[in-house]
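Architecture at a glance
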Amino acid sequence: MRVVVTGGAGFLGSHLCDHLIARGDEVVCIDNLSTGTSSNVAHLLEHRRFALVEHDVSAYVDVDGAVDAVLHFASPASPVDYAKMPIQTLKVGSLGTHNTLGLAKAKGATFLLASTSEVYGDPLVHPQVEQYWGNVNPVGPRGVYDEAKRFAEAMTMAYCRYHELDTRIVRVFNTYGPRMRPNDGRVVSNFIVAALAGAPITIYGDGTQTRSFCFVDDQVRGIVALLESGEHEPVNIGSPEEFTVTELAEIVLETTGSESPVRYLPLPVDDPKRRRPDTTRAQELLGWNPSVALREGVQRTAEYFRSLGMPGAL
Ligand code: UDP
């Protein structure tokens with residue numbers, strides 16, 4: 001297949017590019033390098049089946065030649081990033097989704113949207129099933145990401161129904177692993193980087209809020225299984241194992257052997273209290289289950305940050 005991956009130089013996108021190249025696909029990676037970096041795909045740059053195009057998909061997207069699939073992964077995804085880039089986040093989720101759907105339609109390609117557990121907002125249904133419509137504050141600081149992705153899902157379904165485009169929607173739950181930026185701002189990288197530096201682990205709020213953390217290799221396997229399925233309705237991909245933020249801090253401290261102190265900071269506005277995917281659809285439709293336990297994933301992510309020369313990379 002010839003596959004366009006937007007956001008392909010980002011954390012998740014670059015692992016997706018690796019997977020597609022390894023299975024023999026040709027990959028056109030489009031990224032504006034705002035939160036992604038060419039170092040994430042440096043090892044692919046000389047590959048004859050890989051090309052990196054520096055472009056912002058919020059503007060018209062043009063790709064020469066045949067395309068079999070368009071995977072739209074471009075967007076800031078850390079709450080810290082989308083708070084810093086609110087307009088760009090809204091644009092890439094809305095205009096970027098429209099442009100990349102247009103590309104898929106012009107090429108007769110399958111389209112896959114990277115959506116998010118944030119479409120459920122601060123959920124009132126637990127665990128989150130795909131049929132749940134969510135509890136999102138449209139005018140809060142997270143609304144720029146949440147509403148952009150909700151619009152992106154609506155636009156994707158409209159292209160599916162009206163243009164009969166072959167589409168997929170993956171709702172990605174908290175995913176972590178190598179190639180997260182040390183200053184990404186999300187909890188797993190923040191905790192590991194702090195632990196390796198002996199700096200305070202920053203728990204926001206009282207640490208009782210929960211998340212379910214999926215190692216990036218498992219996430220990529222789920223996304224590719226969804227791409228290969230014929231499923232148009234959204235599918236959650238994430239770990240069904242739920243941890244409090246305090247438990248995560250303990251696991252990071254144990255795994256790294258760090259003696260970092262814990263510092264409590266205020267909880268960000270609209271921070272979801274509980275999050276865990278119901279993965280029944282992923283299991284039944286795709287035969288997908290995650291296989292990397294949190295401790296092992298934290299270990300592998302810590303090795304990556306050590307390889308960057310942490311704490312110097314802070
Ligand atoms: N969090 C934290 N300390 C940090 C970073 C995040 O306690 O240094 C908390 C955050 O408030 C949230 C959870 O960890 O409750 C997950 O945050 P993250 O930014 O990773 O992603 P989210 O799931 O909120 O999009």
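Bear in mind that the values here come from a model prediction, so they are computed numbers and not experimental data. (Residues numbered from 1 in each chain as written. Predicted model: local features only at pLDDT ≥ 70, side-chain atom pairs only at ≥ 80, totals over all residues. Heavy atoms only, no water.)

Now for the overall build of the protein chain. Each helix and strand counted, the protein chain has nine helices and 13 strands in total. The C-alpha extent of the protein chain, read off along each of the three principal axes, is 55 × 45 × 40 Å. Burial status across the protein chain gives 56% buried among its 314 residues. Across the protein chain, every contact between residues at least 6 apart in sequence was considered, and the portion connecting residues at least 24 apart equals 81%. Accessible surface computed for the protein chain: about 13,100 Å², of which carbon and sulfur atoms make up 52%. Of the charged side chains in the protein chain, 28 are positive and 38 negative; the average position of the first set lies 2 Å away from that of the second. (Helix = DSSP H or I, 4+ residues; strand = E, 2+ residues; numbered from the N terminus. Buried < 20%, exposed > 50% of the residue type's maximum accessible area, 1.4 Å probe, protein only. Contact = heavy atoms within 4.5 Å. Areas by Shrake-Rupley, 256 points an atom, 1.4 Å probe, with all protein chains shown as cover. Lys, Arg positive; Asp, Glu negative; His and termini not counted. Charge placed at Lys NZ, Arg CZ, Asp CG, Glu CD.)

With that settled, the discussion passes to the nonpolar core. Counting 60 residues, the largest nonpolar core has Leu16, Leu71 and Phe73 as its most contacted members. Those residues in contact with Leu71 that sit more than four places away from it in its chain are Val3, Val4, Val5, Thr6, Leu16, Leu20, Leu112 and Leu227. Membership of the second largest hydrophobic core comes to 22 residues, among which are Val63, Val92, Leu101 and Leu165. (Core = buried A, V, L, I, M, F, W, Y, C linked by side-chain atoms within 4.5 Å.)

As a further point, take the sheet that holds strand 11 (residues 235–237). If you trace the seven strands from one edge of the open sheet to the other, you get 3-2-1-4-5-6-11, paired in parallel fashion. The sheet is open, and its two edges are formed by strand 3 (50–54) and strand 11, each paired on a single side. Strand-to-strand twist across the sheet, computed as the mean angle between neighbouring axes with direction ignored, equals 20 degrees. Against the sheet, helix 1 (residues 11–22) engages strand 1 (2–6), strand 2 (26–31), strand 3, strand 4 (69–72) and strand 6 (167–172), with an angle of about 170 degrees to strand 1. Along the sheet face, helix 6 (residues 216–228) touches strand 4, strand 5 (110–116), strand 6 and strand 11 and points at about 160 degrees away from the line of strand 6. (Pairing = 2+ DSSP bridges. Axes fitted to C-alpha atoms, helices over the stretch in contact; angles between N-to-C directions.)

Right, let's talk about the site of the ligand for a bit. Looking at the ligand, there are 18 residues lining it, with Val187, Thr202, Arg211, Asp271 and Arg275 nearest. Asn190 has a polar side-chain atom sitting 2.8 Å from an oxygen atom of the ligand. For the ligand, an oxygen atom lies 2.8 Å from a polar atom in the side chain of Arg275. Relative to its free-state accessible area of 520 Å², the ligand is covered by the protein chains to the extent of 96%. If you list the elements that add at least two residues to the shell around the ligand, you get helix 5 (187–197) and strand 8 (201–204). (Near = heavy atom within 4 Å. Polar contact = N/O pair within 3.5 Å; in protein donor to acceptor, adjacent residues only side chain to side chain.)

Let us now look at helix 6. Compared with an ideal rise of 1.5 Å per residue, which puts 13 residues at 18 Å, helix 6 spans 18 Å between its outermost C-alpha atoms and is within 8% of the ideal. Listed in full, the buried residues belonging to helix 6 are Val216, Asp218, Gln219, Val220, Gly222, Ile223, Val224, Ala225, Leu226 and Leu227. (Expected span 1.5 Å × (residues − 1).)

Within the secondary structure layout, Ser14 lies in helix 1. Within the structure, the side chain of Ser14 is placed 3.1 Å from the backbone oxygen of Phe11, a separation counted as a polar contact. Within polar-contact distance, the side chain of Ser14 engages the side chain of Arg179 at 3.0 Å. Not counting residues within four places of it along the chain, the set of residues in contact with Ser14 comprises Gly7, Gly8, Ala9, Asn40, Val41 and Arg179.

This part takes up the pairing of strand 1. In terms of burial, strand 1 is largely enclosed, as five of its five residues are buried. Of the two faces of strand 1, the one carrying Arg2, Val4 and Thr6 and the one carrying Val3 and Val5 are both buried. Handedness of the crossover joining strand 1 and strand 2 through helix 1: right-handed. Examined bridge by bridge, strand 1 and strand 4 share four bridges and lie parallel to one another. Note that in strand 4 the partner of Thr6 across the bridge is His72. (Right-handed = clockwise from strand over helix to strand, strands pointing away.)

What follows deals with the packing of helix 5 against helix 7 (residues 245–256). Close contact between helix 5 and helix 7 brings their axes to 10 Å; oriented N to C, the two are set at 40 degrees. As judged from the angle between their axes, helix 5 and helix 7 are oblique. At the point where helix 5 passes helix 7, the crossing takes the right-handed sense. Listed contacts from helix 7 to Val187, Val188, Phe191, Ile192, Ala195 and Leu196 of helix 5 are Val245, Leu248, Ala249, Val252 and Thr256. Residues belonging to the contact of helix 5 with helix 7 are distributed by class as follows: 10 nonpolar, one polar and no charged. (Parallel < 35°, antiparallel > 145°, perpendicular 65-115°, else oblique. Left-handed = near helix turned anticlockwise from the far one by under 90°. Nonpolar A, V, L, I, M, F, W, Y, C, P; charged D, E, K, R; others polar.)

Moving on to the state of the cysteines. Applying the stated criterion across every chain yields a total of zero disulfides. With no disulfide partner, Cys214 has as its closest neighbouring cysteine sulfur the one in Cys17, 18 Å distant. (Disulfide = S-S within 2.5 Å.)

The description of two aromatic rings rests on the distance between their centres and on the angle between their planes. Summed over the entire model, instances satisfying the criterion amount to five aromatic pairs. Geometrically, the ring pair formed by Tyr120 and Tyr132 is stacked, given 6.0 Å between the ring centres and 15 degrees between the ring planes. Residue Tyr120 is found in the loop between strand 5 and helix 4 (143–162), and its partner Tyr132 is found in the loop between strand 5 and helix 4; the two are separated by 12 residues along the sequence. Each member of the pair, Tyr120 together with Tyr132, is buried. (Phe/Tyr/Trp six-rings, centres within 6.5 Å; stacked < 30°, edge-to-face > 60°.)

So, about the environment of Ala158. Among the secondary structure elements, Ala158 is positioned in helix 4. Distance from Ala158 to Tyr120, taken between C-alpha atoms, is 20 Å for residues 38 residues apart in sequence.

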